[in-house]
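Okay, here's what each chain looks like letter by letter:
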Amino acid sequence: MILDGARGTVDDLLAGLDDALEEAELPALLPAVAHLTGDVDILEPGLRASGGSQVVGQAPQGGLSPEAQERARLLAGSSLKQWVEAGRPQPAHTDVSMLEILRFVAGDVDADQLPLLYHQLGLEQPGEVPVGTPAPEGFRAAVIGAGMSGIAASRHLRRAGIGHVVLERHDEVGGVWIENTYPGVRLDTSNFCYSYSFAQRDAWEDYYSPGDAVATYLREVADDLGIRDDIRFSTTVRSAAYDEKGGRWRLELSTPTGPDTLWADAIISAVGQLNTPLFPRIPGIDSFAGDSWHTAEWRHDVDLVGKRVAVIGTGASAFQVIPRIAPAVASLTIFQRTPPWVVPTPTYTQKLRPGLRWLFAMIPGYQRWYRFVQFWTNVEGRRRFALVDPTWDKPGSISADSESLRQALIAQLERDYEGRPDLLAKMTPDYPPYAKRMLRDDGTWAATLRRDDVDVVTERVVAITPNGVRTAGGDEVEVDVIIYGTGFTASNFLSTIQVTGRDGVDLHRRWGDDARAYAGITVPEFPNLFLLYGPNTNLVVNGSIVFFSEAEVEYVTSCLGHLFERGLTAMEPTEEALADYYTRLDEASAGTAYGVAGVTSWYKSRSGRVTQNWPLSTLEFWDMTRAPRPEHYRFR
Ligand code: NAP
């Protein structure tokens, strides 16, 4: 069930309300109830969340005192009961009351921010009528990929009446969520922010869903939107070449019935960043006599019970695998090059509180406000921890904020590894928080590393032998299975497709090691090629990746609308616009934790330039993607 709405009878609601309110998340409940009932008087200033910003995580209930919490429950409860007595009418909101409610959550927002706020609530703005010049007869776009971004693209193109086909190499939608089936795979960002604003769900079971629940969500969205008819499954795009004469793209495909050719007026790439496995260049890697595989290509046919297993890497994927396989295997040796920073997250594997789930189901709109509060708290809230203070010179941190975060995280590590100075030393990063992806733990990771049958080796791996893994000191660890949690070739954007633009320009030759796209979306010399989750659109501390995907898709439909309106056929950004854009972006990246020299991660290309992340504010990305700036484009 994707859409929210009052369910259950009035009797159910009244019988369960008081108990459920005990488990409500109050910073979201008051605005939700005010929105539903129109009773904005319940938004008393003393009941505003204080921002809840602790150095690590959020203060429970937004930092409200126990007395304030009690009053919030009382006001929300009586307002809801009156709404029930009135026959549970639909909410009627005006811009004025919405602004008041939004200000209760988000502080001093301006009326011109309302479109963003409505967007994140997944609500149409009152009086908003989508207008646009229809696509010319026969216009067709090709979307490559039916993962998170491709589904959003298809939905938006449909709404805009733009004919398109989605080309998907797998036989199902879901992208990385159907590729990664390793034990323990789950979201490490909240479900709520990792779901579309236009397909919100009030029936999540977890705070951080397991992988199959995310895959199910994406399948359900595709079904509910009816976009499957536009998808050609089991179809791989091999190449795309721009035909200048006809002003169209020619795509060469591999399909279940053999090679095929498809012509498209525009290409929207939704191929993702994290799906071509990266195996390390370790001598002898092919000589191993046992089974070995990458986390993204999990071998479910090999039973790990009783086996001696090596895992190489401690990034996000290995971090989820290790606690799940450790209890089953005979021994587990983890080869770690760099320890991750770990954010303590007690709810990481917990089910949502039953009262909260009940309220999501019974109170229309509550889930939207819960999601919105999360979005707003995260939108720029943690960015300060990742920004370099040029006057700061303490190693391991980049500013006073960064240092306070570092100390809070180290305090947790000291609790986690009490009595194990060996592990504490191995697991304490020497680089600033947010220089690499931070991971979440509810205590399971640390408990796993403390097991007698688990060993963390930090000596450099120099070779894979037929029997196992050899380290720089000459030791060889004999194992039956090697699992590579060594990540993806993220900075090789679109690496599986040969793309040729105007004048025979090859996209990958143009890019070399450093992919660049204007707004992360368009590339000079490549007319009507639009990239989703392209260069410098990954998020580290602010916003959400799904929000960015939606913003990118909206930009694409706005670009196409611009063409249709003016009777134009194609657009590409100017070299100057791209250069100016990157002057700003590269400068901003250099001032972030993940841009600092000396730390390697998939956020950077081989040259050390940050090619993956968005270093500016989320609101800037939103503003930039509302409409193309014609002076930054060449049109055909
Ligand atoms: P990753 O973050 O790139 O981690 C790769 C790991 O392999 C690192 O620990 C790396 O060490 C290590 N490594 C690489 N080569 C090595 C070598 N020769 N010897 C020893 N260690 C080596 O890859 P990932 O864990 O697959 O995660 C990639 C991204 O996917 C994540 O950052 C995240 O965005 C996404 N992801 C998300 C989720 C989720 O939402 N739940 C789950 C999994 C992945 P160094 O750090 O020293 O390079």
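Residues numbered from 1 in each chain as written. Predicted model: local features only at pLDDT ≥ 70, side-chain atom pairs only at ≥ 80, totals over all residues. Heavy atoms only, no water.

Undergrad: Got a sec to walk through the packing of helix H5 (residues 114–121) against helix H16 (residues 545–566)? Specific residues and values, please.
TA: Closest axis-to-axis distance for the H5/H16 pair is 12 Å, and the angle between their directions is 120 degrees. Helix-helix and strand crossings are classified by hand; for H5 and H16 the assignment is right-handed. For the pair H5 and H16, the contacting residues are Leu 116, His 119 and Gln 120 in the first and Phe 547, Glu 550 and Glu 554 in the second. Counted by class, the contact of H5 with H16 contains two nonpolar, two polar and two charged residues. (Axes fitted to C-alpha atoms, helices over the stretch in contact; angles between N-to-C directions. Helix = DSSP H or I, 4+ residues; strand = E, 2+ residues; numbered from the N terminus. Left-handed = near helix turned anticlockwise from the far one by under 90°. Contact = heavy atoms within 4.5 Å. Nonpolar A, V, L, I, M, F, W, Y, C, P; charged D, E, K, R; others polar.)

Undergrad: Give a description of helix H3 (residues 66–85) that names residues and reports values.
TA: Counted at 1.5 Å a residue, the expected span for H3 with its 20 residues is 28 Å, and the 29 Å between its end C-alpha atoms agrees. Buried residues of H3: Ala 68, Gln 69, Ala 72, Arg 73, Leu 75, Ala 76, Gly 77, Ser 79, Leu 80, Trp 83 and Val 84, and no others. Considering only its buried residues, H3 is in contact with helix H1 (10–21) and helix H2 (26–37). Following H3 by one or two positions, Gly 87 adopts a phi angle in the positive range, close to 95 degrees. (Expected span 1.5 Å × (residues − 1). Buried < 20%, exposed > 50% of the residue type's maximum accessible area, 1.4 Å probe, protein only.)

Undergrad: Explain the site of the ligand to me, and be specific about the residues and the numbers.
TA: Around the ligand sit 23 residues, and of these Arg 186, Ser 317, Thr 338, Arg 437 and Trp 602 come closest. Between the ligand and Arg 337 there is a distance of 2.9 Å, counted from an oxygen atom to a side-chain nitrogen or oxygen. Along the lines of polarity and charge, the residues of the shell around the ligand split into nine nonpolar, nine polar and five charged. Mapping the shell around the ligand onto the domain boundaries places at least three of its residues in each of domain 2 (141–276 + 490–572 + 617–631) and domain 3 (291–347 + 389–484). (Near = heavy atom within 4 Å. Polar contact = N/O pair within 3.5 Å; in protein donor to acceptor, adjacent residues only side chain to side chain. Domains from an automatic or database assignment.)

Undergrad: I'd love a proper account of the sheet that holds strand S5 (residues 248–255), names of residues and values included.
TA: Note on sheets: strands pair through backbone hydrogen bonds, and any given pair is parallel or antiparallel. One open sheet accounts for four strands, arranged S6-S5-S4-S18; its pairing is mixed. A single partner strand is all that each edge strand has here, and the edge strands are strand S6 (258–264) and strand S18 (498–500). Averaged over all pairs of adjacent strands, the angle between strand axes in this sheet comes to 15 degrees, irrespective of strand direction. Of the pairings in the sheet, the one linking strand S4 (residues 236–243) to S5 comprises seven bridges and is antiparallel in character. What sits directly across from Thr 236, in S5, is Ser 254. (Pairing = 2+ DSSP bridges.)

Undergrad: So what's going on with the side chain of Thr 611? Residues and values would help.
TA: Relative to the assigned elements, Thr 611 resides in the loop between helix H17 (575–590) and helix H18 (618–624). Assessed through its relative accessible area of 0%, Thr 611 is described here as buried. Setting aside residues no more than four positions away along its own chain, Thr 611 makes contact with Ser 491, Phe 493, Asp 513, Asp 514, Ala 515, Pro 535, Asn 536, Tyr 603, Lys 604 and Ser 605.

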